[in-house]
Amino acid sequence: MSTGPIKDLGRSFDRVADAYDEGRPSYPDEVYRALTEVSGVELDGATTVDVGAGTGIMTCALRARGARVLAVDPGEPMLARLVSKVAAQRGTPVAAVLGDGNALPLADGVADLVTYAQSWHWLDPATSISEARRVLRPGGAIAGCWNLNHAAQADWLAAYETRLAEEVPAYWGPAVEEWSVPPIASAFEVMAERWIPWTRLVGIEQFLLDLRSHSYMAALSRERADEVVERRRAELRQAFPEGVLSVPVRVYLAVGR
Ligand SMILES: C[S@@+](CC[C@H](N)C(=O)[O-])C[C@H]1O[C@@H](n2cnc3c(N)ncnc32)[C@H](O)[C@@H]1O
């Protein structure tokens, strides 16, 4: 694993693909219900292009709901995990394509839905959406969603995010005053925006893997990242000796065309 500086943070996930796969949460059922309700696209039988598919968190959930998924991501290590996960499951095959969401390697008018789960903010805001529109059939929809720790709901989580902001130069999250959700709603014709709260029960070690999988952590040297993780581990173990965290999370979902 390289430990040199990373210029393109959007590609930094490649070096933390294992942590990403093991540490990141999936999205609650309500996200998929809201997506269908707002877009009018039934997932069962829909052709979906999952852009920035990564290790396949959204891809696998769409597939489990009957969608045919074309998973696009430029990160080979991320996509390799998606492919091995899908191979271990029953169901319709997933086409995993190494590619850029700003220049989708797909024909016009092939999809009912284009999804960006935790990924649109890494793409060019205008080019990505015009590419999504190009590959959509008439009546198709575009959806962006992000799982976000809801720091305002728990003092320990607010303090945790604040310490990260102090220690990690590239930190970007709720502890930064200028932080806000990615502005996808101003990049397309919005059909609806939803905030979907949920509670994540997670062990401390999995939560720390999640921490390691953030781009701002991947931008640190391995030694610096280990130090940051070790400090958070000590604080969390002291505050939660039983080893389980109840993390308030909310999904921001924006659906448009
Ligand atoms: C935070 S991960 C999201 C992965 C997955 N969708 C999920 O919900 O967990 C962001 C992904 O966007 C990908 N990405 C970065 N730049 C991209 C681009 N130009 N086109 C498509 N995907 C890109 C990264 O490789 C990474 O896998």
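That block above? That's the structure.
The structure displayed is predicted, hence computed values, not measured ones.

1. Regarding the site of the ligand
- Lining the immediate surroundings of the ligand are 19 residues, of which Y20, Y27, G52, D73 and A117 lie closest.
- For the ligand, a nitrogen atom lies 2.8 Å from a polar atom in the backbone of A117.
- If the ligand stood free it would expose 600 Å²; the protein chains cover 96% of that surface.
- Classifying every residue of the shell around the ligand by side-chain character gives 10 nonpolar, seven polar and two charged.

2. Observations concerning the nonpolar core
- In this structure, Y27, W156, F207, M217, L236 and L245 are the most contacted members of the largest nonpolar core, which totals 60 residues.
- Sorting elements by how many residues they give to this core places strand β7 (residues 244-256) first, with six residues.
- With near-sequence residues (within four places) excluded, W156 lies in contact with F207, L236, F240, L245, S246 and V247.
- Judged by nonpolar contacts, the second largest core, of 23 residues, contains V49, L70, W120 and L123.

3. Some thoughts on helix α6 (residues 155-167)
- The first and last C-alpha atoms of α6 sit 18 Å apart over 13 residues, in line with the 18 Å expected at 1.5 Å per residue.
- Those residues of α6 that sit buried are W156, L157, Y160, E161, L164 and E167. Each buried residue of α6 lies within a common arc of 135° when the element is viewed along its axis, so the set occupies one face. Within α6, the exposed residues directed more than 90 degrees away from the buried face are D155 and E166.
- Residues of α6 that are buried in the fold lie against β5 (136-149), α7 (204-212), α8 (215-218), α9 (222-239) and β7.

Scoring rules and cut-offs
Residues numbered from 1 in each chain as written. Predicted model: local features only at pLDDT ≥ 70, side-chain atom pairs only at ≥ 80, totals over all residues. Heavy atoms only, no water. Near = heavy atom within 4 Å. Polar contact = N/O pair within 3.5 Å; in protein donor to acceptor, adjacent residues only side chain to side chain. Areas by Shrake-Rupley, 256 points an atom, 1.4 Å probe, with all protein chains shown as cover. Nonpolar A, V, L, I, M, F, W, Y, C, P; charged D, E, K, R; others polar. Core = buried A, V, L, I, M, F, W, Y, C linked by side-chain atoms within 4.5 Å. Buried < 20%, exposed > 50% of the residue type's maximum accessible area, 1.4 Å probe, protein only. Helix = DSSP H or I, 4+ residues; strand = E, 2+ residues; numbered from the N terminus. Contact = heavy atoms within 4.5 Å. Expected span 1.5 Å × (residues − 1). Arc of directions from axis to C-beta.

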